[in-house]
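Summary of the model geometry
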2 protein chains.
Amino acid sequence: MSGQIAPSFSPSKDPAAVFQRLGPQMTALDRFMREQVAQFEPEIRDMAAYCLETSGKRLRPTLVFIAGWQGENVVNDPLVRAAGVVEMVHLATLVHDDIMDRAELRRSRSTATREFGPDAAVLIGDALFSQALHVAAQFPTTDVCRMVSESTRKVCSGEIMQTLHRRDMGVTMADYYRVIDLKTAELFRVSCHLGAKLAGYPEEFVRAANDFGRHLGIAYQIYDDLVDFLGEEKNIGKTLGTDLASGKLTLPLMRLLDKLPAEERAEIVSAMQQGRPLPLGVNVARMRSLGIGVEVAQAVDEELQRAADVLKPHAGLAPVPLLLQLSDLLKKQLAGLSASASVN
Amino acid sequence: MSGQIAPSFSPSKDPAAVFQRLGPQMTALDRFMREQVAQFEPEIRDMAAYCLETSGKRLRPTLVFIAGWQGENVVNDPLVRAAGVVEMVHLATLVHDDIMDRAELRRSRSTATREFGPDAAVLIGDALFSQALHVAAQFPTTDVCRMVSESTRKVCSGEIMQTLHRRDMGVTMADYYRVIDLKTAELFRVSCHLGAKLAGYPEEFVRAANDFGRHLGIAYQIYDDLVDFLGEEKNIGKTLGTDLASGKLTLPLMRLLDKLPAEERAEIVSAMQQGRPLPLGVNVARMRSLGIGVEVAQAVDEELQRAADVLKPHAGLAPVPLLLQLSDLLKKQLAGLSASASVN
């Protein structure tokens, strides 16, 4: 869930990007989100607006629209509403994430917790969750509500596991994948599922879109963990990412620990466990010499390959080229990251 | 939402109480809640169990069962599930309430926030909300999910307003009623509505049960605010309730402020705004001499009268005597409170 501040997974860097084609759908989503604000009690409407009217990337709505793609300028109302639901769930999780991380800024703007205080932010997050499910309950059947509520529980479960694992150096690779599968891939998966389903595509494709979303979500989170791992280093040249500071074991760090000599490893483990700054020798140059970036990039590629594979039997359907384009975009961002940070 | 620690609104004090008749339904609810625990991801199951397996009064499930009463030993599965949904929503709000109140104990047991830390507690509350809505989405139609999600949003909105009003001495009686209508009466209302509806009673009675629940909820919250107002005084003879300490304006305090001489009033307002202890002169004896208890009891009675009135046209239906019994029980508790604390 923390992945949405990745700076470069954005349409502006790639004129051919799939995002460019979603103008009418995103305009409809804008309108839908504004209408949602009016659904909140008048006394808390400004707070709801503050949380809903963001400049976010809208990755999950993008997945809904693309998995349910029916052609240029086709704006399908159920897709818009489903996109609104997954985005609201996501924004609610961000409001609660920011409380836990004591974050003051998100996208250069004051977080809800800083703006309204953490107590109000807990409740605003709850109100956003509730409203998301309320919209989900306005579809003709209970399917959307059932899927989204279960998905939301899983996202929270993944976040809880991550919270419990903080500064726990016994976390395994399986634990890591389990957490990102729940906290990130789950909502990606449901977004793709709902898009394909609500657009009326055949069940086999709905299942393929579902699996594509899951693999893309895993890939995206690993990519995002790498961004975090390298991010701070790039900016200020000294410290590593915020995940490290918060004691979160991510794939890049796990790979690093695997490769370091026992003594150096013990030093890092001890620093993380005690919340001390990491030894200065742990920097990007060191990552490079150990080939960490290459290995992490491979893990992302593997997931993207799985994502592409599940779509193969459906190559003739309209959403498929766009879904693959999205996957390619992530691959490209990863390559750019590797190049700029010289991680390989 | 904070009202559930009232010590005396319990079946044991009144052998004739309606609670006594709900044995089979509550046993079914126990089983349902245990089954719910198994629905959570294995890694967080113990935490879910900790939050779900409480010794709470189950007022909201009681309302579901009574509003949908079909006779002794009739255990209607949809009612059990609806009771589980409203109770889970309520327990989720308590988990989040306790974070905000920095509460360490609830019903003599460590709160989730103390047990697992506030960060995990935010997320566990979210997971409980999600699971409640997930169960709601398993009914044949979207009705339950739609009603419960909207209700949950309203409960949160009421709590937000209350949080924003802390230490705000400009709060009016209308503001107070608005907050308790949302934070407490809303879920009482939906509980009664769902019970009557799912048991198959006619629409006119469903609406009456709905309105009964709302008035009972308002009455209950005012009663609970009086319990809080008098509670501490009774126990340690010096300070007043926790609402006062947290700067929450409730009906008893508003009535008190109305009646005090300007100077004394200013002293209390200033103490509350600055979070200082209240002047010692503000104690139960003073309440008594000013007739505060009588006035607050009148406000409760008014709501209970409205609650009874809406049921009049449906006197022949099985749930009605039990609903009235519940209302009488609250009246009796109020009388007991008045007598023991000598507020009139």
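Note: the structure precedes this text.
Residues numbered from 1 in each chain as written. Chains lettered and ligands numbered in written order. Predicted model: local features only at pLDDT ≥ 70, side-chain atom pairs only at ≥ 80, totals over all residues. Heavy atoms only, no water.

Quick notes on the overall build of chain A
Within chain A, the regular secondary structure consists of 15 helices and 2 strands. Scored against the burial criterion, the 344 residues of chain A give a buried share of 61%. In the form shown here, chain A has an accessible surface area of approximately 12,800 Å², with 51% of it arising from carbon and sulfur atoms. (Helix = DSSP H or I, 4+ residues; strand = E, 2+ residues; numbered from the N terminus. Buried < 20%, exposed > 50% of the residue type's maximum accessible area, 1.4 Å probe, protein only. Areas by Shrake-Rupley, 256 points an atom, 1.4 Å probe, with all protein chains shown as cover.)

Looking at the environment of Ser130 of chain B
Residues and elements named next belong to chain B. Along the chain, Ser130 turns up in helix H6 (residues 118-136). Given a relative accessible area of 4%, Ser130 falls into the buried group. Through-space distance from the C-alpha of Ser130 to that of Met169 is 36 Å; in sequence the pair is 39 residues apart.

Notes on the pattern of salt bridges
Residue and element names in this part refer to chain A. Applying the stated criterion to the full structure yields 38 salt bridges over all chains. With a closest N to O distance of 2.7 Å, Glu186 and Arg189 form a salt bridge. Here Glu186 pairs with Arg189, and both are found in helix H8 (residues 173-198), just 3 residues apart, close to one helical turn. The class for Glu186 is buried, based on a relative accessible area of 6%. For Arg189, a relative accessible area of 18% gives the class buried. (Salt bridge = Lys/Arg side-chain N within 4 Å of Asp/Glu carboxyl O.)

Quick word on the interface of chain B and chain A
If you look at the interface, chain B gives 45 residues, while chain A gives 45 residues. Our enumeration of links across chain B and chain A arrives at 8 salt bridges. The partner of Glu43 of chain B in a salt bridge is Arg178 of chain A, with the nearest N and O atoms 2.6 Å apart. Elements represented by at least two residues in the side of chain B that touches chain A include exactly helix H4 (77-100), H6, helix H7 (143-165) and helix H8 (173-198) of chain B. (Contact = heavy atoms within 4.5 Å.)

Some remarks on the relation of the copies chain B and chain A
Mapping between the two copies of the chain is achieved by a rotation about an axis and a shift along the axis. Overlay of chain B on chain A (RMSD 0.0 Å): rotation 180°, translation along the axis 0.0 Å. Within this description, the copies of the chain are treated as partners about a two-fold rotation axis. Across chain B, the rotation axis passes nearest the C-alpha of Thr142 of chain B, at a separation of 2.6 Å. Taken as a fraction of all interface residues of chain B, those also at the interface in chain A reach 100%, which identifies the copy contact as same-surface. (Least-squares fit on C-alpha atoms with pLDDT ≥ 70 in both.)

Thoughts on the packing of aromatic side chains
Inspection of the entire model under this criterion finds 10 aromatic pairs over all chains. Centre to centre, the rings of Tyr201 of chain A and Phe205 of chain A are 5.4 Å apart; their planes meet at 70°, and the pair counts as edge-to-face. Accessibility classification places Tyr201 of chain A together with Phe205 of chain A in one group, the buried group. Consider the rings of Tyr176 of chain B and Tyr177 of chain B, whose centres lie 5.7 Å apart with planes at 85°: the pair is edge-to-face. (Phe/Tyr/Trp six-rings, centres within 6.5 Å; stacked < 30°, edge-to-face > 60°.)

Observations regarding the state of the cysteines
One pass over the structure, following the stated rule, counts 1 disulfide over all chains. The disulfide that involves Cys145 of chain A links it to Cys145 of chain B, with 2.3 Å between the sulfurs. With one member in each of two chains, Cys145 of chain A in helix H7 (residues 143-165) and Cys145 of chain B in helix H7 form a pair that bridges those chains. Under the relative-accessibility criterion, Cys145 of chain A is labelled buried at 1%. (Disulfide = S-S within 2.5 Å.)

Description of the nonpolar core
Side chains of a nonpolar character, in soluble globular proteins, are inclined to be buried together. Phe205, Ile222 and Leu256 of chain A together with Phe205, Ile222 and Leu256 of chain B are the most contacted members of the largest nonpolar core, which has 236 residues in total. Those residues in contact with Ile222 of chain A that sit more than four places away from it in its chain are Tyr176, Tyr177, Ile180, Leu251, Val296, Ala299 and Val300 of chain A. (Core = buried A, V, L, I, M, F, W, Y, C linked by side-chain atoms within 4.5 Å.)

Description of the packing of H4 of chain B against H8 of chain B
Residues and elements named next belong to chain B. Put simply, H4 and H8 touch, their axes get as near as 9 Å, and they point 170° apart. One element, H4, and the other, H8, form an angle in the roughly antiparallel class. Side by side, H4 and H8 meet where Pro78, Leu79, Ala82, Val86, Val89 and His90 of the first sit next to Leu187, Ser191, Leu194, Gly195 and Leu198 of the second. Residues of the contact of H4 with H8, tallied by class, amount to 8 nonpolar, 3 polar and no charged. (Axes fitted to C-alpha atoms, helices over the stretch in contact; angles between N-to-C directions. Parallel < 35°, antiparallel > 145°, perpendicular 65-115°, else oblique. Nonpolar A, V, L, I, M, F, W, Y, C, P; charged D, E, K, R; others polar.)

Side note on unusual backbone geometry
Backbone geometry at Arg58 of chain A places phi at a positive 55°, although glycine is not the residue there. Examined against the element boundaries, Arg58 of chain A turns out to sit in the loop between helix H2 (45-52) and helix H3 (59-67). Using a relative accessible area of 14% as the deciding quantity, one classes Arg58 of chain A as buried. Phi at Asn73 of chain B takes a positive value of approximately 65°, unusual for a residue other than glycine. For Asn73 of chain B, the location among the structural elements is in the loop between helix H3 (59-67) and H4. A residue is classified by how much of its surface remains accessible, and Asn73 of chain B, at 58% relative accessible area, is exposed.

Here we look at the side chain of Glu186 of chain B
In terms of polar contacts, Glu186 of chain B uses its side chain to reach the side chain of Ser151 of chain B, at 3.0 Å. Not counting residues within four places of it along the chain, the set of residues in contact with Glu186 of chain B comprises Ser151, Lys154, Val155 and Asp181 of chain B. (Polar contact = N/O pair within 3.5 Å; in protein donor to acceptor, adjacent residues only side chain to side chain.)

Overview of the environment of Gly170 of chain B
Residues and elements named next belong to chain B. Structurally, Gly170 is set in the loop between H7 and H8. On the accessibility criterion, Gly170 (54% relative accessible area) is exposed. Sequence separation of Gly170 and Leu105 is 65 residues, and the distance between their C-alpha atoms is 31 Å.

Some points on the side chain of Gln36 of chain A
Among the secondary structure elements, Gln36 of chain A is positioned in helix H1 (residues 23-37). Excluding residues within four positions of it along the chain, Gln36 of chain A makes contact with Leu52, Met88, Gln131 and Val135 of chain A.

As for H2 of chain A
The buried fraction of H2 of chain A amounts to 6 of the 8 residues, a majority that puts the element mostly inside the structure. Turning to H2 of chain A, the residues buried within the fold contact H1, helix H4 (77-100), strand S2 (109-110), helix H5 (112-116) and helix H6 (118-136) of chain A together with H7 of chain B.

Re the packing of H1 of chain A against H3 of chain A
All names here are of chain A. Where H1 meets H3, the closest approach of the two axes is 11 Å, and the angle between their N-to-C directions is 125°. If you check the angle between H1 and H3, you find them oblique. In the crossing of H1 with H3, the sense of the turn from one axis to the other is right-handed. Between H1, through Gln25, Met26 and Leu29, and H3, the contact on the second element is made entirely by Pro61, Thr62 and Phe65. Considered class by class, the residues forming the contact of H1 with H3 number 4 nonpolar, 2 polar and no charged. (Left-handed = near helix turned anticlockwise from the far one by under 90°.)

Everything listed is a geometric property; what it means functionally is a separate question.
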